[in-house]
Amino acid sequence: SDKGGILTGYYEPEINVSFNKTRKFNVPILRYNKSYDKLERKKIESSFKKQDVLLWTDSKIELFFLQIQGSGIGSLKNKKKIKINYGGNNKKKYSSIGKFLKKKNLIIGEINLFTIKKFLYENPKLTDKILNQNKRYIFFNVDTKNSKNSSLGSIGLNLIPYASVAIDKKYYPLGIPLILHKVHDNKILPVISMDTGGAIIGKNRADLFTGRGLEAEKIAGE
C-alpha cells in the first residue's frame, strides 16, 4: 500500500542487577510461575514469591523498559554481565504507556523512549499509576554464561543487529527475507523475520533489532 507501514526499533537494554536484595536493589526480576497468570502488575509486585526472584534491580523504570524490550543484559557490581532472556508473561494484554501519556496531555510534543523516561523520572509520584496502565507483565530467565550472545528471537536463533526484524506471524512466516523500504530517505534494507512481539500486530508492521547498549537504545528509541 502507498500508506507506509510502521517500523519501530528494539534493542537489548542493560540494567544494574544484584543477586542480593539491598536498600538500593529492591525491585525483583521474576521468573514465570503460573500462579501469576491474569494478575496485574500491581498485584504481582506486591505478592510475588521469594523463590521466583532471579535478581534484584535498582530501578522500576529501567525494569519496565527491559520488560517492553523482552530481554537484555544485567550488569553486576563487579562488571560481570548476565544475559536476561524472555521467560513468559502474565497473559494480560499489552498497552502503550506512551499513548496514555499523550491522551492525558502529560507529555506535549514528541513521545519516544527518552521523553517517556524523562517524564517518569521527574514525576516519581505518578510512576506507579502510569506503569500500571500496561497490564502485561514480563518474566525472565537468566543465563550467566552466554552474555556475549545477542538475544534469541522466537525463531530460536541469536538476533543480528540491523538484519533481524520482529513481525506478526499471522501475516508473515518466521525465517523469510523481507525488504524494508524506508520512505524518508528512500533506502532499502534487506532483513530476515526472526522474532515476534506482543506489540507487533498487523500487516506492514515490523520491529528492527538494533543491538545492545546506549547507542542501540538511542537508535531504537527514536
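For the structure itself, consult the block above.
Described below are features of the structure shown in this document. (Residues numbered from 1 in each chain as written. Predicted model: local features only at pLDDT ≥ 70, side-chain atom pairs only at ≥ 80, totals over all residues. Heavy atoms only, no water.)

**Concerning the overall build of the protein chain**
Counting its secondary structure elements, the protein chain contains six helices and 11 strands. For the protein chain, whose C-alpha radius of gyration is 17 Å, the value lies close to the compact-globule estimate of 17 Å for 222 residues. In terms of its C-alpha atoms, the protein chain occupies a principal-axis envelope of roughly 50 × 45 × 35 Å. Per-residue burial over the protein chain gives 42% buried out of 222 residues. (Helix = DSSP H or I, 4+ residues; strand = E, 2+ residues; numbered from the N terminus. Rg over C-alpha atoms; globule rule 2.2 N^0.38 Å. Buried < 20%, exposed > 50% of the residue type's maximum accessible area, 1.4 Å probe, protein only.)

**A closer look at the environment of Ser71**
As for its position among the elements, Ser71 is in the loop between helix 2 (60-69) and strand 5 (72-75). For the pair Ser71 and Asn85, spaced 14 residues apart in sequence, the C-alpha to C-alpha distance is 4.7 Å. Within the structure, the side chain of Ser71 is placed 2.5 Å from the side chain of Ser151, a separation counted as a polar contact. (Polar contact = N/O pair within 3.5 Å; in protein donor to acceptor, adjacent residues only side chain to side chain.)

**Quick word on the packing of helix 2 against helix 4 (residues 113-122)**
Put simply, helix 2 and helix 4 touch, their axes get as near as 10 Å, and they point 150 degrees apart. For the element pair helix 2 / helix 4, the angle class is roughly antiparallel. With respect to the hand of their crossing, helix 2 and helix 4 are arranged in right-handed fashion. Each of Ile61, Glu62 and Phe65 in helix 2 lies in contact with helix 4, whose residues at this interface are Leu113, Ile116, Lys117, Leu120 and Tyr121. Within the contact of helix 2 with helix 4, the residues separate by chemical class into six nonpolar, no polar and two charged. (Axes fitted to C-alpha atoms, helices over the stretch in contact; angles between N-to-C directions. Parallel < 35°, antiparallel > 145°, perpendicular 65-115°, else oblique. Left-handed = near helix turned anticlockwise from the far one by under 90°. Contact = heavy atoms within 4.5 Å. Nonpolar A, V, L, I, M, F, W, Y, C, P; charged D, E, K, R; others polar.)

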